[in-house]
Structures are given as structure tokens and as C-alpha cells.
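The primary structure of each chain is shown beneath.
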Amino acid sequence: MPRPELQLINAFLSTFARRQAARTIDLPGGFAVLDDAFAHSHANNQVVIEAPASPETLPGIADQALGHLPFRRISVLDDETGRACAEPLIRAGYTHSVQLVMAHTGPAPVGGHAEEVDLDAIRAPLTRRWRGFLPDADDTVVRHLVDRRETRRRGADAVHFIATRTEEGEVASWADLYLDPATGIAQIEDLMTSETHLGRGHADAALATALRTATDAGCGTRFLIADADDWPRHWYERRGFSAIGQSHRFERG
């Protein structure tokens, strides 16, 4: 049985996905979120499994819900269910990755000179970053990956875009912060730094500001999601985050 804190986080993630979506479809064990305006965004068009589901039927369920798209994404929030789904989904052509739920422990760091900005302030550096990640992607794909951020404002009671600037005023690092003060939960998401400003403490400042903002809002559970096999998890561990659970992501196409 997941610890109570993890159950609250999974409930928050599920609710956020539903609220962000343009439309949803209820499915056995979960739901599909869909948004035709951002048809290239896997996060905006996916199946979310939030309760026990039949692993063998899951590929067919995903095909039915996402059949109009050239890709498939299935996010399984419960670890035990995700591990049970791995074999049949891999047989069906999916890749499997483990996502760590990492909670911040201890007091929020003092300092951090980041500020809240709107999407327009980070649009240009975010576009450059996505072009670096996906050099072969066309303009429509990149635009969807940038503009989809605006839909996240629907996902939680309070959504902030946090950014640091250079002395010249250029945005250097940025992150999303989602707050639900009623349950005391805050999520930090998509912390990025412009390639020209790496290694200068900007990400630390953005993270510190996000943590302080969450603490000041009364959110004692502060978490983020990190790929279990990628280097950022270790960067976050050095800054007071530790894994308290894991979810599973399956993708095809």
C-alpha cells in the first residue's frame, strides 16, 4: 500500500491531468486526456491509469482512446500496477521508463532571486531549448510543446511560471510551480536552463524560489517527477529531494 503522502500526490497528478485536458474519456482503471489544439504533445494526449487495471487489455484500451494519433502514451501512477503492465505493453511495442516521485525534505532554502513571469517571457528561450532537444522537429511540433504550457494554468488552483534573469534581463532558467494549498501539495515541473547560461546557478535560484513560494503558501508536501535513469535525479538529491515512490510511463510511436 503506498504511503499516505504518495497517495495524495497521485491524486493530485490525476486531478491535474483531468483539469488540464480539453476533454477526457473514462476508461477501465483510469481515463484518457485529449487536446486537439496540441496534437503533437504526448502529455496532453495520453491514457492515465490511476487504479488497478487489466494489463493484457491495456494496449487495446489505449488504441481505442488514442487511435486517431500516431503515438501512444500510457502513464500508470501506481507502482505495482505499472510493473504488472510492463511485460504485455513491451510485447505490444511500447518502451518503458520508470518515473521517480521525489519529495523535498527539510526547510525551504533561503534566497533565490527568481521571479514570477508569464509565458511570453519564457517563450523564446523555451523554443530554443526544444529545438536543441528535437533538432528534426518541424515548427508545428515545437510550437505545440511551447504553447501547451498555457493549458497548465487549468490544472491546479495556483500555477506560477518561475524564472531567473541575467544582469542584462535575459531569462536564463525557468520552471513551473503548481500549488494546491487545500491539500498542502506543490509540484515543481519542467525546470530548464538556457544552454548559454548553464552552470551559473540559475537553476538553483529558480528551484529555491519555487520551494520558498510553495512553503509560504502552506504546502508542506513539495515534490517533482524525475526519470529514474537520467542524471537530473542526482542533481535533485543533492538539493534535498529523495524518492518516495515511482510511477511508470509507456510510449510507442
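Overview of the structure. Residues take numbers from 1 onward in each chain, read along the sequence in its written order. Reporting of local features is limited, given that this is a predicted model, to residues whose pLDDT is at least 70; pairs of side-chain atoms are given and counted only at 80 or more, and all residues count toward the totals for whole chains, interfaces and linings. Water and hydrogen atoms play no part in the side-chain values, which are based on all heavy atoms of the structure.

Some thoughts on the pattern of salt bridges
Salt bridges are identified by distance alone: a Lys or Arg side-chain nitrogen within 4 Å of an Asp or Glu carboxyl oxygen. Applying the stated criterion across every chain, the model contains 25 salt bridges. Here R123 ties to D120 by a salt bridge, and the two come within 2.9 Å at their closest N and O atoms. Placement of the pair is R123 and D120 together in helix α4 (residues 119-133), with a separation of three residues, close to one helical turn. You can call D120 exposed: its relative accessible area is 55%. Residues R128 and E170 are paired through a salt bridge, measuring 3.9 Å at the closest nitrogen-oxygen approach. Placement of the pair is R128 in helix α4 and E170 in the loop between β7 (158-165) and β8 (171-180), with a sequence separation of 42 residues. Here the salt bridges do not stand alone but share partners, grouping R149, R152, D176 and D190 into one network. Each helix is a run of H or I in the DSSP string that is no shorter than four residues. Each strand is a run of E no shorter than two, and both are numbered from the N terminus. Each residue is placed in one exposure class: buried if its accessible area under a 1.4 Å probe, protein chains only, is under 20% of its type's maximum, exposed if it is over 50%, and partly exposed if it falls in between.

Overview of the sheet that holds strand β6 (residues 115-117)
Within a sheet, neighbouring strands are paired by backbone hydrogen bonds and run either parallel or antiparallel to one another. Taken in spatial order, the eleven strands make up an open sheet running β1-β2-β3-β4-β11-β5-β10-β9-β8-β7-β6, and their pairing is mixed. At either end of the open sheet lies a strand with only one pairing partner, and these are β1 (23-27) and β6. Strand-to-strand twist across the sheet, computed as the mean angle between neighbouring axes with direction ignored, equals 30°. Pairing between strand β5 (residues 95-104) and strand β10 (residues 221-227): five bridges, direction antiparallel. Paired with L100 across the bridge in β10 is A226. Any two strands with at least two DSSP-identified bridges between them are counted as paired. Each axis is a line fitted through C-alpha atoms, and for a helix only the stretch in contact is used; angles between axes span 0 to 180 degrees, taken between their N-to-C directions.

Description of the pairing of β5
Within β5, eight of the ten residues are buried, which leaves it mostly tucked inside the rest of the structure. Pairing geometry for β5 and strand β11 (residues 241-252), over ten bridges, is antiparallel. By the bridge assignment, S97 is partnered in β11 with R249.

Section: the environment of R123
With relative accessibility at 29%, the residue R123 sits in the partly exposed group. Each C-alpha atom, one on R123 and one on R149, is 9.7 Å from the other, the two residues being 26 residues apart in sequence. Setting aside residues no more than four positions away along its own chain, R123 makes contact with V146 and D147. Contact between two residues is taken to exist if any of their heavy atoms lie within 4.5 Å; hydrogens are not considered.

Quick look at the packing of aromatic side chains
Two aromatic rings, drawn from Phe, Tyr or Trp (for Trp, its six-membered ring), form a pair once their centres lie within 6.5 Å of each other, and the interplanar angle then sorts them: stacked below 30 degrees, edge-to-face above 60, tilted otherwise. The final tally for this structure, using the stated rule, is six aromatic pairs. Residues F12 and F223 carry aromatic rings whose centres are separated by 6.1 Å and whose planes lie at 90° to one another, so their mutual orientation is edge-to-face. On the criterion of sequence distance, the pair formed by F12 in helix α1 (residues 4-20) and F223 in strand β10 is long-range, its members being 211 residues apart. Take F12 and F223: they sit in the same class, and that class is buried. On the basis of an interplanar angle of 80° and a centroid distance of 5.6 Å, the ring pair of W130 and F133 is categorised as edge-to-face. Taken together, the positions of W130 and F133, both in helix α4 and three residues apart, correspond to about one turn of that helix.

Re unusual backbone geometry
You will see that D190, though not glycine, has its phi angle at about 55°, which is positive. Within the secondary structure, D190 sits in strand β9 (residues 185-193). On the basis of relative accessible area, D190 is assigned to the partly exposed category, the value being 22%.

Let's talk about the nonpolar core
Ranked by size, the top nonpolar core spans 33 residues in total, and within it F12, I122, W130, W174 and F223 carry the most contacts. Looking at this core, the elements that each hand over two or more residues are α1, β2 (30-34), β5, α4, α5 (139-147), β7, β8 and β9. Considering each element in turn, this core owes the most residues, six residues, to α1. If sequence neighbours within four positions are ignored, W174 has contacts with I122, P125, L126, R129, R149, I162, A163, D190, L191, M192, T193 and S194. Among the buried residues, those of types Ala, Val, Leu, Ile, Met, Phe, Trp, Tyr and Cys that are joined through side-chain atoms within 4.5 Å form a nonpolar core. In this structure, M102, A175, L177 and C219 belong to the second largest nonpolar core, which totals 25 residues.

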